[in-house]
Each structure stands twice: as C-alpha cells, then as structure tokens.
Amino acid sequence: MTAAPRQRPNVLFIITDQHRADHVGFGGNDVVRTPHLDALAARSTVFDRAYVANPVCMPNRSSIMTGRMPSAHGVIFNDRSLSPDTNTFVSQLRDNGYRTALIGKSHLQHGMSREAVVDLPGDPAVRAPWAEGWDTIEHRERYESGDTPDPADFYGFEHIELTLGHGALSGGHHYQWALDRGVTHEQLVAGGQYDTDVPSRSPLWWQIHEASFPAEAYSTTFVTERTIDFIEQAASADDEEPWMLWCSFPDPHHPLSPPSPWLDRHHPDDMVLPPTFEDPGEGWPPHLKFLRDLQPDDHDFVRPWGPTPEQARAALAATYGMIEFVDDGVGRILATLDRLDLTDDTIVIFTSDHGDMMGDHGLILKGVMHFQGCLRVPLTIHVPGNEPGRTDSLASSLDLAQTVLDLCEVGAYQGVQGHSLRPVLDDPTTSVRETVLIEDDFPPVEGRGQLMPLKTRTVISDLGRYTRYSNGFEQLFDLAVDPDELIDLTEHDRDPDRRAQAITQLADALIGADDICRAEPVSL
C-alpha cells in the first residue's frame, strides 16, 4: 500500500515542455544523459504508457491543472486563456492549507502564443464577465514595462515567478531577474527572430543557435534557483504548512538555443535518425503529406515541417543538450530536498505537457500529428516510502490532478474526469483505465478549406491507436506489433473487426468526456 509520510506531504511537480517519452535515459535512450532524472525514476513508479489529453501546450497544461478534457475546461487551442473562475487541483490544495507556488512556464493564459489568435467571424459565443486585462498576466510587455503586480490568486497559486518564451527568447519574471544580472533587453529578446544577431546560428535551421547570454541567466537556471529558494523559505517557515510547487522548465521546446556549454554537448554527426525517418507515408491523410513537404518558415516558428537528415540530426543534438541542462537543474533541486531533510515528506512528479516528432516519420515539431512522439510523455511519480516500480498500465495527463488530491487526502471537485493513479502506485499490475481519449482542435483553419482537419480525436487502448479526423480520414495502428506506426490497418480493409471495435471505443470515450458539471452557486 502507499505509505504515508511523516506529515501531510509536500508536492514537487516538475514539468518540462515538448519533451518526448524516449528522450530520457529511463525511457530507453542511451545517448541523452539524464542521471538525475534516471535516479528519480529508479525510486518512483514509471508509467511507460502515459499519454496527453491534448498534444498542444495550453490545452494539456489546463487539463493537468483541472483534471478535465479541453472540451470541458474550454482551452482547446493556444488561442484562449483558462477562465479565471476555473477550479484546479492547486486551488483545492490551497483551500486545504497548502502553500502554493508556480515557478517557470505557466501557459494557462495565451500571452505567449498570441500569434495563434486569428479573427473569427461574428460575435463571440460567450461574453467574458471579467474585468478587461484579466488574461494579460502572461503578456511579455507587462514585465518589460516593469509594471508587474501579481494576482493574489492565479488559478490557485498564491505565488508566481513566470518564464515567458522559449530558448533564448525570455520574458516574465525571468526577464526582470536576468536584467538584474547584467543581461540586456536586446540579448533577452534576440532569440525570437530569424534575422537577429545571435551566436552560432545554424545554417540548417534558424531556430538552432547559442543563446546570447550565459547559462547563469538562462531560464533553466532561473527555474532551478528560484525553486530552490522557495523550498528553502518554506522549510524555514514557522507555520510548517505543506507546500505544492509547480516547477516548470520551458525547455526543450524550440527554439533550440541553449547557452554554452550545453549547445555543444552532442555533435550532430553522432545522432542516429529515428527508424521511421524514411517512412513513405503511403495512405497518410493529405495534411501529413503536406506538412512533410514543407521547409522551416522564417516567420511562423511553430509550424511543423519535414527536415532533411542533416536538419534532424542538428535538432536532436541541440535538444539533447537542453534536456541535459534541465537534468542538471533537477539534480540540484532534489539535492536541496535531501539537504533540508524533506525527501521523506515530498511527493515528486515528473512529466511533460506533450512531445515532438523530432524526425519520426520525417516530421518535426507538433501539430495535428497523432504519432507516439507527440502523444506519449515521460511520467514518474515518487511517493515517500512507496516501493518503486514500472507499469505498462495506461495513464493520462488528465489523471494527475486526481492523483495528487488523493495522495494528499484532499477532496476532488465536480467535473474531474481523470482517475487517481494511486492504485497503480500500490500495484503496478493494476489498471485504472482501459482507454485514453486525446482531443486536438485547430480553430485557425475554420472556414479555410479541408486540408488541415479542424478536429482530431484519438483513442489509445490495447487495440492500439485509432485516430479520426474531421475531414474524413482515419488511422489505426496495432501498437503491440507495430510500435513504430508504419502499417495503417484501416488501409485496404486490413482488420475490419479491430477497426469496428476501435470506433466503438472512441464513441464510448467521447460520451464519457461529455461534460455535465455545473457552475456554482445554484439558486434554489
């Protein structure tokens, strides 16, 4: 059974961004060096089949926070912010006496991704009742102006120190922190454009280059040091309140622009291309073929495309350096728990919000591509006193909110759609779900033709991965015998019985995800 710590447990929730499940040592990768994450995994339960609820930043981060599907909490894409009256597992912990803090990337509001917001026709379907400016907490200019009064309650967090941007593009509290360390505004924003003067820009892809400022001022260092400072302050407090800390590294999300020496930790020539890199894509939906024929865009830095072997190797090398920098920071944070005698009182979770194709099937980045590289994420859960283990039981990002509340013995709230993973932590052979539903909506294409599907739905089960696109296409892969997803069973009517079962599973999962909760108060 799950052992109880000496007091109400602290919760350290470590999350990276755009980090594949197989880009850690404990995930089977023998090239990237992650000794600290591997050591954490060795004393945790490792979930080898952990999947996202949505393979895009904001929707899945909001699902982790709420335990609800994007169609339920409303953040279906990076173009809208989570409503400020939304309940979260962090709010529940705070209401029950927990000190709560967010350090690093939030992306619960759309300030970082305003380029994703397009004008939609007509008046809005729902009018926001909140005061103007409620969704500007993650706007970069707010911090560049120096006007940074933080909200008293940010989705349950009483204390926030934000990073905004990725790689060498910096904003938020991190921006102000770096300025105090002698870095200039020009250096902190140089990483966001294809034509700025930055060190060692790769001729293969403009998003691969060295940061314009040293490692001591980079976001990974900021998150590491501010996390350590929070833990030290909480440990020295007189009230002995338990704490929940969201420790959120923006890396290894592109741009792939870590500082020296991390950029050069691996040489591109040493990188091995994924075994599916030359996948011919026979029978693929048209949008996947279209994306693979693209080259990087100088202005749209998030659009996926099809790299050459040289581009893919260069991206892998830079990504591994970013991951190893994060691993170094995680090691420092875990050493702080040991030094302060907090390890036996702290639940530690490590995961990511989604993955990246990174050369799989000849594609890179993410976006309406429901292959394993984007859908599957690393997940380890360490509970003090619990036996470590490894499980192939299905888990969803949706389950983490309910799991934390269960482990902290705090009640859930209406509308939580995830399942507590506590039974799996007690017995890795147990399962709490038979399927994982994955949603993916792409509002920018509404009314703009049918090449890119407006809606994509996937169900993961022991049958495999079945995906249905709103433009009429579908895919089905038996992951047990075809883990590389090369043989689409919907083609040539290869397995009609399996397809029929998968369609039924998807229909049942969609019905199960239909939200029936209500807001409060309800007048009687």
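Data block above holds the structure.
Residues numbered from 1 in each chain as written. Predicted model: local features only at pLDDT ≥ 70, side-chain atom pairs only at ≥ 80, totals over all residues. Heavy atoms only, no water.

A. Spatial organisation of the pattern of salt bridges. The tally for this structure, following the rule as stated, stands at 30 salt bridges. Linking Arg 390 and Asp 48 is a salt bridge whose minimum nitrogen-to-oxygen distance equals 2.9 Å. Of this pair, Arg 390 sits in strand 9 (residues 389-396) while Asp 48 sits in strand 2 (residues 45-51), placing them 342 residues apart in sequence. Judged by its relative accessible area of 43%, Arg 390 falls in the partly exposed class. What makes Asp 48 partly exposed here is its relative accessible area of 27%. For Arg 468, the salt bridge goes to Glu 474, with nearest N and O atoms at 3.2 Å. We classify Arg 468 as partly exposed; its relative accessible area is 38%. (Salt bridge = Lys/Arg side-chain N within 4 Å of Asp/Glu carboxyl O. Helix = DSSP H or I, 4+ residues; strand = E, 2+ residues; numbered from the N terminus. Buried < 20%, exposed > 50% of the residue type's maximum accessible area, 1.4 Å probe, protein only.)

B. Focus on the packing of helix 1 (residues 35-42) against helix 10 (residues 309-339). As a packed pair, helix 1 and helix 10 sit with axes 7 Å apart at the nearest point and diverge in direction by 55°. Taken together, the axes of helix 1 and helix 10 are oblique relative to one another. Contacts from Pro 35, His 36, Leu 37 and Leu 40 of helix 1 reach helix 10 at Asp 327, Asp 328, Val 330, Gly 331 and Leu 334. (Axes fitted to C-alpha atoms, helices over the stretch in contact; angles between N-to-C directions. Parallel < 35°, antiparallel > 145°, perpendicular 65-115°, else oblique. Contact = heavy atoms within 4.5 Å.)

C. Structural detail: the side chain of Asp 440. As for its placement among the helices and strands, Asp 440 is situated in strand 10 (residues 436-441). Of the side chains with opposite charge, Arg 457 comes closest to the buried, unpaired Asp 440, at an N-O distance of 6.8 Å. A polar contact of 3.0 Å, which involves the side chain of Asp 440, links it to the side chain of His 370. Once you skip the residues sitting within four places of it in the chain, Asp 440 turns out to touch Asn 54, Pro 55, Val 56, Val 368, His 370, Leu 454, Lys 455, Thr 456 and Arg 457. (Lys, Arg positive; Asp, Glu negative; His and termini not counted. Polar contact = N/O pair within 3.5 Å; in protein donor to acceptor, adjacent residues only side chain to side chain.)

D. Highlighting the side chain of Asp 399. Looking at where Asp 399 falls in the secondary structure, it is placed in helix 12 (residues 399-407). The exposure class assigned to Asp 399 is buried, which follows from its relative accessible area of 0%. Look past the residues within four positions of Asp 399 in its chain and what remains in contact with it is Gly 418, His 419, Leu 421 and Arg 433.

E. View of the pairing of strand 11 (residues 455-461). By the criterion of burial, strand 11 is predominantly enclosed, with 6 of the 7 residues buried. Bridge count for strand 10 against strand 11 is 6 bridges, and the pairing is antiparallel. Looking at the pairing, Val 436 lines up with Ile 460 of strand 11. Of the strand pairs in this sheet, strand 11 and strand 12 (residues 464-469) are connected by 6 bridges, and their pairing is antiparallel. Of the residues in strand 12, the one forming a bridge with Arg 457 is Arg 468. Linking strand 11 back to strand 12 in an antiparallel pair, the connection comprises 2 residues. (Pairing = 2+ DSSP bridges.)

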